[in-house]
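# Structure assessment
Listed below are the residues making up each chain.
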Amino acid sequence: MRIDSIELWEVPMRLRQPFQASTHAAEELRHVLVRACDGDLCGWGEVTTPTDPYYLGETTESAWHVLRDFLAPAVLGRPWRSIEELVALYAAVKDNTFARAGLEMAAWNLLAAARGCSLAALLGGTRDRVEAGVSIGMADREALLATVARHRDEGYRRVKVKIGPGADEAVLGPIRERFPDLPLMADANGAYDPAAAGDVARLDRFGLTMIEQPLPWDALLGHARLQAAIATPVCLDESIRTAAQAADAIELGACRVVNVKIGRVGGLLEARRVHDVCAARGVPAWVGGMHDYGVSRAACVALASLPGFTLPGDVSGSRKYFEEDVVEPEIEAVGGLIAVPASHGAHAVRESMVRRLATRRLRLTADGSEQSQ
Ligand code: MG
């Protein structure tokens, strides 16, 4: 394979409902769609970073910069035979995982197009359907209860809510009271102080399936101490940026579950390696989301078809978040399950919609030309 052109499209999309977590809020997203072509064959990828550096350090702007000035020049015109070889072309680029994942996703889809197979088949997926789960932002008590009830009735297999210090027992108590048997988990996005383990231990009584990222991203030892002190399984999100970190966290006892996000770990290849680390150690894992548009949402579904993703993830239908998604057909959850496409191109990008919405567009080619469109 040889990528001879890369297009970047910044595409704003409004969420149907504003989203609030302990660290960040969002009403409108600005993901960058990446199209990589080898002659007439093309593949799409998506950069799912939030616009602001409050989840991790990247922003839409930083991803655009790294893609334009470092990643695209590193791969354009250079031959590669596998994703491992493609990734090696830009191995000098550290961090910037969302930017790397966007380009890499386009290359995976390009490779799937060249081989005429589905992304799931290329990854080694074994399931034809994956279990869907939802993540619900912070809201007032009645709104939250109504949202939980709606998603439960839609058949979602687990519900995740956002919590933080001062907004935990008051959030979880009413939900547990109303839905005593609901598989429920909570995500703190690193909001608790490592010294305040007692605050987290008090949440054991709600019988959560897990608590996600209670402490800051760099508190690996803190998570190990916390996990030893509480009954609820700790799941790590922001702390795990590589497969090596996943192996360290598991060995330290810092978590009993791992959330794998394509953008957070730098792409599908590393996501599969994290999956493999977890599977080899018997640690359950699931696929997390970043309010993905359809391009990345479809990649999440393909990833979730790997056998070691034994728990329902954040992957839900497109309509939960958007009035209209950028792919046709949209991702649909039926009875809490999402079908894994068996063929390449099952979710085609609505190019006219993307063209209409895009606020900037750049085309880079192997001969070094750069064209704003
Ligand atoms: Mg999380």
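Quick caveat: nothing in here was measured; it's all calculated off a predicted structure. (Residues numbered from 1 in each chain as written. Predicted model: local features only at pLDDT ≥ 70, side-chain atom pairs only at ≥ 80, totals over all residues. Heavy atoms only, no water.)

### Here's the deal with the pairing of strand S16 (residues 360–365)
- As paired elements, strand S1 (residues 5–20) and S16 share six bridges and run antiparallel to each other. Bridge assignment links Glu-10 to a residue of S16, and that residue is Arg-360.
- In the sheet, S16 pairs with strand S17 (residues 370–372) via three bridges, with the strands oriented antiparallel. Its bridge partner being in S17, Leu-362 is matched across the sheet by Ser-372.
- Following S16, the chain reverses through four residues before pairing antiparallel with S17; Gly-368 in that reversal takes a positive phi of roughly 90 degrees. (Pairing = 2+ DSSP bridges. Helix = DSSP H or I, 4+ residues; strand = E, 2+ residues; numbered from the N terminus.)

### What about the environment of Cys-278?
- Structurally, Cys-278 is set in helix H10 (residues 268–280).
- When sequence neighbours within four positions are dropped, the list of residues in contact with Cys-278 reads Ile-250, Val-258, Val-283 and Ala-285. (Contact = heavy atoms within 4.5 Å.)

### Quick look at the packing of aromatic side chains
- Counted by the stated rule, this structure contains four aromatic pairs.
- A ring pair is formed by Tyr-293 and Phe-322, whose centres lie 5.5 Å apart and whose planes are at 90 degrees; its orientation type is edge-to-face. With Tyr-293 in the loop between strand S11 (285–287) and helix H11 (294–304) and Phe-322 in the loop between H11 and strand S12 (327–328), the pair connects residues that are 29 residues apart, well separated along the chain.
- With a centroid separation of 6.3 Å and an interplanar angle of 55 degrees, the aromatic rings of Tyr-321 and Phe-322 are classed as tilted. Taken as a pair, Tyr-321 and Phe-322 share a single burial class, namely buried.
- Among the aromatic residues, those joined into a ring-pair cluster are Tyr-293, Tyr-321 and Phe-322.
- The lysine or arginine in question, Arg-158, covers the ring of Trp-286, its NZ or CZ lying 4.8 Å from the ring centre.
- Here Arg-360 stacks its cationic end above the ring of Trp-64, 4.1 Å away from the centre of that ring. (Phe/Tyr/Trp six-rings, centres within 6.5 Å; stacked < 30°, edge-to-face > 60°. Buried < 20%, exposed > 50% of the residue type's maximum accessible area, 1.4 Å probe, protein only. Lys NZ or Arg CZ within 6 Å of the ring centre and 35° of its normal.)

### Description of helix H6 (residues 169–178)
- Within the sequence span of H6, burial applies to Val-171, Leu-172, Gly-173, Pro-174, Ile-175 and Arg-176.
- Buried residues along H6 sit in contact with helix H5 (141–153), strand S6 (159–162) and strand S7 (184–187).

### Side note on the sheet that holds strand S14 (residues 337–339)
- Overall, antiparallel pairing links the three strands, which are arranged S4-S14-S13 in an open sheet. This sheet does not close on itself; its edge strands, each paired only once, are strand S4 (129–131) and strand S13 (333–334).
- Relative to S14, S13 is paired through two bridges, and the arrangement is antiparallel. Bridge pairing in S14 links Ala-333 to Ile-338.

### Concerning helix H3 (residues 97–115)
- When the terminal C-alpha atoms of H3 are compared, their 26 Å separation across 19 residues agrees well with the 27 Å that a helix rising 1.5 Å per residue should span.
- The buried fraction of H3 amounts to 17 of the 19 residues, a majority that puts the element mostly inside the structure.
- Backbone geometry just downstream of H3 places Gly-116 in the positive-phi region, at approximately 65 degrees. (Expected span 1.5 Å × (residues − 1).)

### Let's talk about the domain arrangement of the protein chain
- Each domain of the protein chain was delimited in the assignment, giving domain 1 (5–116 + 351–372) and domain 2 (121–348).
- Computed over C-alpha atoms, the centres of domain 1 and domain 2 are 23 Å apart.
- Contact residues are listed per partner, giving 44 residues for domain 1 and 44 residues for domain 2.
- Between domain 1 and domain 2, roughly 3600 Å² of surface is buried when both sides are summed, and carbon and sulfur atoms account for 66% of that area.
- Of all residues in domain 1, Arg-16, Tyr-55 and Trp-108 bury the most surface against domain 2, accounting for 19% of the area lost on that side.
- In this structure, the connection of domain 1 to domain 2 is made through two salt bridges.
- Residues Arg-241 and Asp-95 are paired through a salt bridge, measuring 2.9 Å at the closest nitrogen-oxygen approach. (Domains from an automatic or database assignment. Buried area = accessible area lost by both parts, 1.4 Å probe. Salt bridge = Lys/Arg side-chain N within 4 Å of Asp/Glu carboxyl O.)

### Some remarks on the state of the cysteines
- Tallying each qualifying case throughout the model produces one disulfide.
- One disulfide in the model links Cys-37 with Cys-42; its S-S distance is 2.1 Å. Judged by the sign of its S-S torsion, about 105 degrees, the bond between Cys-37 and Cys-42 is right-handed.
- Residue class for Cys-37 comes out buried when judged on its relative accessible area of 6%.
- A residue is classified by how much of its surface remains accessible, and Cys-42, at 29% relative accessible area, is partly exposed.
- The thiol sulfur of Cys-255 is not disulfide-bonded, and the nearest other cysteine sulfur, from Cys-278, lies at 7.1 Å.
- A residue is classified by how much of its surface remains accessible, and Cys-255, at 5% relative accessible area, is buried.
- Residue classification places Cys-278 among the buried residues on the basis of a relative accessible area of 0%. (Disulfide = S-S within 2.5 Å.)

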